[in-house]
Amino acid sequence: MDYFIKNIVSLLKEKIDLPEDEIKRLLEIPPDFKMGDYAFPCYSLSKTLKKSPNAIAGELAQAIPVDKPIEAVRAVGPYINFFLDKATRAKTVLKTIFEERDGYGHADVGKGKTVVIDFSSPNIAKHLGVHHLRSALIGNAICNIYKTLGYPCVGINHLGDWGTQFGQLIVAYKKWGSENAHASYTVADLNNLYVRFHQEAEKIPGLEDEARAWFKKLEAGDTEANELWQHFKDISLKEFQKIYDMLGIHFDAFVGESFYNTMVEDTITRIKEKGLSRVSEQALIVDLEPYKMPPCLLRKKDDTTLYATRDIAAAEYRKKTYDFDRMIYVVGSEQKLHFNQFFKVLELMGHDWARRCVHVDFGLMKFKDGKMSTRKGKVILLEDLLIEAVERIGKIIEEKNPSLENKETVARDVGIGAVIFADLSTKRNKDVVFDWDEVLNFEGETGPYVQYTHARLCSILRKYWKPVTADIRFELLKEDETTILIKNLGQFPQIILKAAEFYEPSLICNYLIDVCGSLNRFYNAHRVLSDDEELTKARILLVDATRQVIKNGLNILGMQAPEQM
RNA sequence: GCUCCCAUAGCUCAAUGGAUAGAGCAACUCCCUUCUAAGGAGUAGGUUGCAGGUUCAACUCCUGCUGGGAGCGCCA
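Here the focus is the layout of surface pockets. The calculated volume of the largest pocket comes to roughly 1400 Å³. As for the largest pocket, its lining consists of 47 residues, and the residues nearest its centre are Ser-121, Asn-123, Lys-126, Glu-334 and Gln-335. Those elements that place two or more of their residues in the lining of the largest pocket are helix H6 (133-148), helix H7 (164-177), helix H8 (187-203), helix H9 (207-219), helix H12 (307-322), strand E10 (326-330) and helix H13 (336-348). Residue composition of the lining of the largest pocket, by class: 14 nonpolar, 21 polar and 12 charged. Taken together, 28 residues form the lining of the second largest pocket, with Asp-2, Tyr-3, Gly-490, Pro-493 and Gln-494 sitting closest to its centre.

This is the structure:
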């Protein structure tokens, strides 16, 4: 528990007949810093004490001894407000950051509890569009958040490299694609074939059946089918890797659905043995009627499997391989039902760890006039967006800071960062309408704003040139702007815990915006470097601490923190 | 038809059941001989979709409704 909270709770415990945990739970942070640092609302006491909350607050505030880290205790209406001694807090917060450095915000709560995170997971033979951004970025950020808290993390890219669509692709390739040189094929070519298949399938009746037949051959191990499939996969992976490199996203494993093909028979057998499945309309299903859900399909009438089957097999395999404490699937909310179904099947199979599987869903990304669709070729390529962002930042650099070194690197870090931050900064379950101007806005609450703030702080530290020391007079850090900033910096570890609890990277974005706002107000109101040596030393420590917090925060989001821009 | 998600300033979004609902963008005003103006200050902008309910207290919880999105057996 936080040192200050602990102190306040123990003070209150002397006067109030409530358990420690309850007091801690009720303790809140006032909306305005002028109301103090912590507040205890007296509403709940009014019933038992049979007095008005205001009177209780007044009496208790009088009775509580003011000592050490507490500077004042004041009753305001029904609240008892606690004011911390500024110097003590400044010392506690800034010394911690100064000592922990890149480790500030880290914890060991996750020690030994492996977390498997399934994210990005695009389909082979299709382009990565802007709508693929969300899973990749949210998943990567959650991965970083959990790592920060000490959880061993395994990031898995569960590639969509299996299913009827590959039958479709093979058909399309054999009909319209084979005259092209095999080796020069790109994802664009595959994508075109895919789009063409769906166009033609509307006119030619037997085409879908033909595709299903090819998928059956693929699942049965047919050589020609497998060679083509492998080729499509190689082409796609190469192109995907390029984008992941641009985004700075790393996976511990690229294991596609196809990998589980050999395991599904065993999985189905066990489901059958447990009496969970039955045949319905020639397909094998698990009836989920008692749980108010549509049935989960395990096998189609042509005997091929479905993704639910492969997901079940994959979950079992991962449990065996990683012995995870928790498994997180970062997949769009349109698949909510699928996950509820397949988690339920895992549970019915007797896997008690099924409740440790979480579907971290997120809202759909769409255009103003509707949904993005790979089939109709209605997408914006992720690569195009990233290139555009980097180019626009490049122009701004030419305009504002033409003498900057490493322009290309900085433009890349800031451009990509802008896209990452824009995507992560709203709560994940909201649908987002893709808007170029919004994603490529670099002013206000944006990634570049946070990075710019960081660069400014680095600039001050460069000018100062002497080593930063924590041996300063903390009582000099006393202005309102300073106090608020220090308070913000001290909240970082709590924010990370909360972001992990709710699987919500946007909390880190909001927090960073808060810190930057506080810093910039401080920056505008007070000079850091001055003739006053003691004051300069003190403010430099504050600047360095803020720089450190911003950097740590950005890194968790998967962004770089350039020192100049 | 059934299920899930969303609704807060003109726009995009915040707000562990608690004090005066806050930011950014857009508009209008100011602040660079001062550590990076990709910044800061200010003005203006609200019946928190509607109607009930629970509570000492509701943007927050419950019910109903309206509007938008998504899903609902052989795609993933």
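Back to the write-up after that little detour.
Scanning the model with the defined rule gives 33 salt bridges in all. Residue Asp-323 pairs with Lys-319 through a salt bridge whose shortest N-O separation is 3.3 Å. By relative accessible area, which is 54% here, Asp-323 ends up exposed. For Lys-319, a relative accessible area of 19% puts it in the buried group. Its salt-bridge partner being Asp-361, residue Lys-336 comes within 3.8 Å of it at the nearest N-O pair. Linking Lys-336 in helix H13 with Asp-361 in the loop between strand E11 (357-360) and strand E12 (365-367), this pair joins segments that are 25 residues apart in sequence. A relative accessible area of 31% places Lys-336 in the partly exposed class. Relative accessible area serves as the criterion here: at 14%, Asp-361 is assigned to the buried category.

Attention now moves to the domain arrangement of chain A. A common way to state how big an interface is: give the accessible area lost once the parts meet. Under the domain assignment, chain A is made up of domain 1 (3-84) and domain 2 (382-557). The centre of domain 1, based on its C-alpha atoms, is set 34 Å off from the matching centre of domain 2. Each partner contributes residues to the interface: domain 1 has 5 residues there, and domain 2 has 4 residues. Both faces combined, the contact of domain 1 with domain 2 buries some 380 Å², and carbon together with sulfur accounts for 64% of it. By the criterion of area lost to domain 2, the three top residues of domain 1 are Ile-29, Phe-33 and Asp-37, representing 91% of everything that side buries. At the junction of domain 1 with domain 2, the criterion picks out 1 salt bridge. The closest approach of N and O atoms between Lys-487 and Asp-37, which form a salt bridge, is 3.8 Å. A breakdown of the residues in the side of domain 1 that touches domain 2 according to their chemical character gives 2 nonpolar, 1 polar and 2 charged.

Before going further, it helps to examine the sheet that holds strand E4 (residues 115-118). The strand order E6-E5-E4-E10-E11 describes an open sheet built from 5 strands, whose pairing is parallel. Looking at which strands have only one partner, the edges of the open sheet turn out to be strand E6 (253-254) and E11. As paired strands, E4 and E10 are joined by 4 bridges and run parallel to one another. Each residue of the ladder has a partner; that of Ile-117, found in E10, is Ile-328. Against the sheet, H13 touches E10 and E11, its axis set at about 180° to E11.

Glancing now at the nonpolar core. In terms of nonpolar packing, the biggest core is built from 130 residues, with Tyr-146, Leu-247 and Leu-489 touching the most fellow members. Broken down by element, the residue count for this core peaks at 12 residues, all from helix H21 (residues 533-557). Setting aside residues no more than four positions away along its own chain, Tyr-146 makes contact with Val-115, Tyr-151, Cys-153, Arg-326, Ile-328, Ala-500, Glu-501 and Tyr-503.

Right, let's talk about the packing of aromatic side chains for a bit. Centre-to-centre distance and the angle between the planes together describe a pair of aromatic rings. With the rule as written, the count across this model stands at 25 aromatic pairs. Ring geometry for Tyr-244 versus Phe-251: centroids 4.8 Å apart, planes at 75°, classification edge-to-face. Exposure class is identical for Tyr-244 and Phe-251. Each is buried. Between Phe-324 and Trp-353, the ring centres sit 5.6 Å apart and the planes meet at 90°, which makes this aromatic pair edge-to-face. Residue Phe-324 is located in the loop between H12 and E10, and its partner Trp-353 is located in the loop between H13 and E11; the two are separated by 29 residues in the primary sequence. Look at Phe-324 and you get buried, because its relative accessible area is 2%. One aromatic cluster is present, formed by Phe-119, Tyr-244, Phe-251 and Phe-254 through successive ring pairs. Sitting over the face of the ring of Tyr-523, Arg-456 holds its NZ or CZ atom 4.0 Å from the ring centroid.

Bringing the pairing of strand E2 (residues 70-76) into the picture now. In the sheet, E2 pairs with strand E3 (residues 79-84) via 6 bridges, with the strands oriented antiparallel. Note on E3: the bridge partner recorded for Ile-70 is Leu-84. From the end of E2 to the start of E3, which pair antiparallel, there are 2 residues, and Gly-77 there has a positive phi angle of about 60°.

Moving on, we come to the protein's contact with RNA strand B. Taken together, 64 residues lie near RNA strand B, and Tyr-79, Tyr-452, Arg-456, Ser-459 and Arg-527 sit nearest. Among the atoms of RNA strand B lying within 4 Å of the protein, the sugar-phosphate backbone contributes 62%. Contact distances for RNA strand B include 2.2 Å between a sugar or linking oxygen and a side-chain N or O atom of Glu-257. Lys-430 is positioned such that a nitrogen or oxygen atom in its side chain is 3.2 Å from a phosphate oxygen of RNA strand B. Elements supplying a minimum of two residues to the surface near RNA strand B: helix H3 (43-49), E3, H7, strand E8 (283-286), H12, helix H14 (382-400), helix H17 (447-464) and helix H20 (506-525). It is H17 that provides the largest number of residues to the surface near RNA strand B, a total of 8 residues.

Our focus in this paragraph is H21. Here H21 spans 36 Å end to end across 25 residues, near enough to the 36 Å set by a 1.5 Å rise per residue. A large share of H21 lies buried, amounting to 20 of its 25 residues. Where H21 begins, one side-chain oxygen reaches toward the backbone nitrogen of Glu-534, 3.3 Å away; that side chain belongs to Asp-532. Just beyond H21, the residue with positive phi is Gly-558, at close to 90°.

Below, the discussion takes up the pairing of E3. Along E3, 5 of the 6 residues are buried, which leaves the element largely enclosed by surrounding structure. Of the strand pairs in this sheet, strand E1 (residues 38-41) and E3 are connected by 4 bridges, and their pairing is antiparallel. In the sheet register, Ala-39 faces E3, and the bridge partner there is Asn-81.

Since one α-helical turn is 3.6 residues long, residues separated by three or four positions face the same way. Between its first and last C-alpha, helix H5 (residues 86-100) extends 21 Å over 15 residues, near the 21 Å set by a 1.5 Å rise per residue. Residues of H5 that are buried in the fold lie against helix H1 (3-15), E3, helix H18 (480-490) and H21. Positive backbone phi, approximately 50°, marks Arg-101, located one or two places after H5.

Take the sheet that holds E3 next. One open sheet holds the 3 strands; their spatial order is E1-E3-E2, and the pairing between them is antiparallel. Looking at strand neighbours, the two that pair on one side only are E1 and E2, the edges of this open sheet. When strand polarity is set aside, the average angle formed by the axes of neighbouring strands in this sheet is 20°. Across the face of the sheet, H1 comes into contact with E1, E2 and E3 while running at roughly 135° to E3.

Here is what the cut-offs are and how they apply
Residues numbered from 1 in each chain as written. Chains lettered and ligands numbered in written order. Predicted model: local features only at pLDDT ≥ 70, side-chain atom pairs only at ≥ 80, totals over all residues. Heavy atoms only, no water. 1 Å grid on protein atoms, 1.4 Å probe; cavity = no way out; pocket = protein on both sides within 12 Å on 5 of 7 lines; lining within 4 Å. Points joined across faces, edges and corners; volume = space filled by probe spheres on them. Helix = DSSP H or I, 4+ residues; strand = E, 2+ residues; numbered from the N terminus. Nonpolar A, V, L, I, M, F, W, Y, C, P; charged D, E, K, R; others polar. Salt bridge = Lys/Arg side-chain N within 4 Å of Asp/Glu carboxyl O. Buried < 20%, exposed > 50% of the residue type's maximum accessible area, 1.4 Å probe, protein only. Domains from an automatic or database assignment. Contact = heavy atoms within 4.5 Å. Buried area = accessible area lost by both parts, 1.4 Å probe. Pairing = 2+ DSSP bridges. Axes fitted to C-alpha atoms, helices over the stretch in contact; angles between N-to-C directions. Core = buried A, V, L, I, M, F, W, Y, C linked by side-chain atoms within 4.5 Å. Phe/Tyr/Trp six-rings, centres within 6.5 Å; stacked < 30°, edge-to-face > 60°. Lys NZ or Arg CZ within 6 Å of the ring centre and 35° of its normal. Near = heavy atom within 4 Å. Polar contact = N/O pair within 3.5 Å; in protein donor to acceptor, adjacent residues only side chain to side chain. Expected span 1.5 Å × (residues − 1).

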